[in-house]
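Geometric and topological summary
Given next are the chains, with one letter for each unit.
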Amino acid sequence: TTYQNDLRYHEITADNGEKLIVALSDGSKVWLNAGSKLTYPEQFAKNKRDVYITGEGFFEVTKNPSKPFYVNVDELVVEVVGTSFNVNAYPENDDITVYLKEGKVEIALPGNKYPNMVIAPGETSIYSKSRNKATVVLNDEYARMSRWKEDEMNFFNAPLRKVLATMERYYDVKFTIADEK
């Protein structure tokens, strides 16, 4: 537990090999995938709801237009009104993906150099940290990738190293690639 701006924050970590469900004080729920961390206040501030995630989480946010919900993800901020969406932002990955299942989210890119991106249900925002560039795609593969909370693993154009890293987190095991071929 830490304090910031007079708010008491909790930190929940899902270790490799486990998944957690976190119920927030406003009724919102967060499914936290293996190897992920969620930091959130015990009680939200009067005018906004801020949480911080490293790794992957699926959010079901309770609607409250007078008190927007912000998910702080590495360099991005996802602003939510009331919706369900998946965030994938493991530190070792170059891409941060936000898949929107239902509702509406706005994504503020680093440095606020550009207008916020707005994505619609079924769309995925993909932000490349190395290129500082974001794109929006409409592809069912990203919807399938967010089914980890139902114990389903799906990969889309993923290199073997990324597949193995995901499986290492999910099962809490270590893989060794004996030959690059």
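Residues numbered from 1 in each chain as written. Predicted model: local features only at pLDDT ≥ 70, side-chain atom pairs only at ≥ 80, totals over all residues. Heavy atoms only, no water.

**Regarding the nonpolar core**
By size, the foremost hydrophobic cluster in this structure holds 30 residues, and its most contacted members are L38, V51, F59, F69, V71, V78 and F85. Ignoring anything within four residues of it in the chain, the contact list for V78 reads F69, Y70, V71, V73, F85, V98, V105, E106 and I107. (Core = buried A, V, L, I, M, F, W, Y, C linked by side-chain atoms within 4.5 Å. Buried < 20%, exposed > 50% of the residue type's maximum accessible area, 1.4 Å probe, protein only. Contact = heavy atoms within 4.5 Å.)

**Things to note about the packing of aromatic side chains**
Summed over all chains, the structure comprises 6 aromatic pairs. Consider the rings of W31 and F58, whose centres lie 6.0 Å apart with planes at 75 degrees: the pair is edge-to-face. Placement of W31 in strand β4 (residues 29–32) and of F58 in strand β6 (residues 49–60) is noted, with a sequence separation of 27 residues between them. Here F58 falls in the buried class, since its relative accessible area comes to 2%. When the ring centre of W31 is taken as reference, the NZ or CZ atom of K149 above it lies at 4.5 Å. Lying over the aromatic face of F58, K149 brings its terminal NZ or CZ to 4.6 Å of the ring centre. (Phe/Tyr/Trp six-rings, centres within 6.5 Å; stacked < 30°, edge-to-face > 60°. Helix = DSSP H or I, 4+ residues; strand = E, 2+ residues; numbered from the N terminus. Lys NZ or Arg CZ within 6 Å of the ring centre and 35° of its normal.)

**Overview of empty space enclosed by the protein**
Applying the stated criterion across every chain, the model contains 1 cavity of 30 Å³ or more. The space that makes up the largest cavity amounts to roughly 60 Å³. Lining the largest cavity we find E56, N86, N88, T97, Y99, T124, Y142, M145 and S146. Sorting the residues of the lining of the largest cavity by element identifies β9 (84–89), β10 (95–102) and α1 (140–145) as the ones contributing at least two each. Of the residues in the lining of the largest cavity, the class split is 3 nonpolar, 5 polar and 1 charged. (1 Å grid on protein atoms, 1.4 Å probe; cavity = no way out; pocket = protein on both sides within 12 Å on 5 of 7 lines; lining within 4 Å. Points joined across faces, edges and corners; volume = space filled by probe spheres on them. Nonpolar A, V, L, I, M, F, W, Y, C, P; charged D, E, K, R; others polar.)

**Overview of the environment of S128**
Among the secondary structure elements, S128 is positioned in strand β13 (residues 123–128). Along the primary structure S128 and T97 are separated by 31 residues, whereas in three dimensions their C-alpha atoms are 8.9 Å apart. If sequence neighbours within four positions are ignored, S128 has contacts with D94, D95 and K133. Separated by 3.2 Å, the side chain of S128 and the backbone nitrogen of R131 make a polar contact. (Polar contact = N/O pair within 3.5 Å; in protein donor to acceptor, adjacent residues only side chain to side chain.)

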